[in-house]
Amino acid sequence: MWQDEPKCIKDHNRRLLAEKFELKRNLYKAFIRDPELPSELREKLTAKLSKLPRNSSFTRIRNRCVFSGRPRGVYEFFRMSRIVFRTLANQGMLNGVKKASW
Amino acid sequence: MSGVGLRRLLETAVTQGVTEARARIFGHVLNPTGQRSPHKLLRKKLIGEKVSQWYPHDITKDDPLIMAAREQERLSKLEMLKRRGKGPPKKGQGKGAAKRNKGK
């Protein structure tokens with residue numbers, strides 16, 4: 001499957017980091033936006049937020065295809081790229097998926 | 001005319017009272033002025049768990065025999081390429097590295 005692709009491995013590492021730091025990140029971000037807190041505290045929190053590792057951000061994650069590692073044309077429901085989806089669906093390996101005609 | 005004004009006053013008093021009471025009962029967080037509030041971020045659900053489970057775990061990784069066989073194949077493939085003279089170049093000799101060094 002995907003174990004040999006370096007980009008997939010990097011993406012996987014980013015996902016793990018994002019899960020690890022998510023709570024903290026959300027907390028800091030929420031506090032920064034509160035207009036009622038004193039401004040030195042907010043500045044301190046912005047500094048702390050910037051110190052968090054970059055790879056723990058959700059925006060750095062890309063939903064790659066689980067089989068081929070393709071970054072584009074990936075359906076989130078199947079976690080596969082459109083090409084792999086087509087090959088598997090034609091072989092009948094996807095349960096309940098058949099060619100549409102109506 | 002003053003009657004209409006009075007009625008409007010009473011209306012607003014009643015509706016505001018209702019919203020405040022509702023918030024007090026159910027624990028809602030009110031923001032009548034519409035300022036930026038941290039509550040909006042804090043009430044979102046956490047998605048970290050789902051995000052980290054995107055790639056399924058490959059069970060062949062748990063089997064040392066299969067991993068050893070794969071590693072052997074990779075090494076033999078590299079050896080074949082080296083025999084033909086197509087292996088990876090030495091450090092600083094590749095196309096990109098050569099360009100960089102030349103430009104310097």
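In the annotation of an unreviewed UniProt entry, chain B is listed under the name Small ribosomal subunit protein mS33 and assigned to Linum tenue. The UniProt entry for chain B carries the following comment under Subcellular location (unreviewed entry): "Mitochondrion". The annotation that UniProt attaches to chain B under Sequence similarities (unreviewed entry) is "Belongs to the mitochondrion-specific ribosomal protein mS33 family."

Per an unreviewed UniProt entry, chain A carries the name Small ribosomal subunit protein uS14m and comes from Linum tenue. Of chain A, the UniProt comment under Subcellular location (unreviewed entry) reads exactly: "Mitochondrion". According to its UniProt record, chain A has this under Sequence similarities (unreviewed entry): "Belongs to the universal ribosomal protein uS14 family."

S.K.: Could you give me a rundown of the side chain of Ser56(A), with the residues and numbers involved?
M.R.: Residues and elements named next belong to chain A. By the secondary structure assignment, Ser56 is in the loop between helix H2 (39-51) and strand E1 (74-75). What makes Ser56 buried here is its relative accessible area of 0%. One polar contact links the side chain of Ser56 to the main-chain carbonyl oxygen of Pro53, over a distance of 2.6 Å. The residues touching Ser56, leaving out its near neighbours within four places in the chain, are Leu17, Ala18, Phe21 and Arg25.

S.K.: Give me the domain arrangement of chain A: which residues, what numbers.
M.R.: Residue and element names in this part refer to chain A. Examined at the domain level, chain A breaks down into domain 1 (7-62) and domain 2 (63-96). One C-alpha centre belongs to domain 1, the other to domain 2; they are set 31 Å apart. In this assembly, 5 residues from domain 1 lie in contact with 6 residues from domain 2. The contact between domain 1 and domain 2 buries some 460 Å² in all, and 50% of this surface belongs to carbon and sulfur atoms.

S.K.: Describe the packing of aromatic side chains, listing the residues and the values that go with them.
M.R.: Residue and element names in this part refer to chain A. Throughout the structure, instances matching the rule amount to 3 aromatic pairs over all chains. Between Tyr75 and Phe85 the ring centres are 6.5 Å apart and the planes differ by 55°, which places this aromatic pair in the tilted class. Taken together, the residues span a long stretch of sequence, with Tyr75 in strand E1 and Phe85 in helix H3 (residues 82-91) at a distance of 10 residues. Considering the side-chain rings of Phe78 and Phe85, the 4.7 Å spacing of their centres and the 45° angle between planes classify their relative orientation as tilted. Linked through ring pairs, Tyr75, Phe77, Phe78 and Phe85 together constitute an aromatic cluster.

S.K.: So what's going on with a nonpolar patch on the surface? Which residues, and what values?
M.R.: A cluster of nonpolar side chains, namely Leu27(A), Phe31(A) and Leu42(B), defines an oily patch on the protein surface of about 250 Å² accessible area. Along the chain, the position of Phe31(A) falls in helix H1 (residues 6-32).

Definitions and cut-offs
Residues numbered from 1 in each chain as written. Chains lettered and ligands numbered in written order. Predicted model: local features only at pLDDT ≥ 70, side-chain atom pairs only at ≥ 80, totals over all residues. Heavy atoms only, no water. UniProt positions renumbered as here; feature names shortened; annotations may be inferred. Helix = DSSP H or I, 4+ residues; strand = E, 2+ residues; numbered from the N terminus. Buried < 20%, exposed > 50% of the residue type's maximum accessible area, 1.4 Å probe, protein only. Polar contact = N/O pair within 3.5 Å; in protein donor to acceptor, adjacent residues only side chain to side chain. Contact = heavy atoms within 4.5 Å. Domains from an automatic or database assignment. Buried area = accessible area lost by both parts, 1.4 Å probe. Phe/Tyr/Trp six-rings, centres within 6.5 Å; stacked < 30°, edge-to-face > 60°. Patch = residues over 30% accessible without salt bridge, like charges linked within 9 Å, V, L, I, M, F, W, Y side chains within 5 Å. Areas by Shrake-Rupley, 256 points an atom, 1.4 Å probe, with all protein chains shown as cover. Salt bridge = Lys/Arg side-chain N within 4 Å of Asp/Glu carboxyl O.

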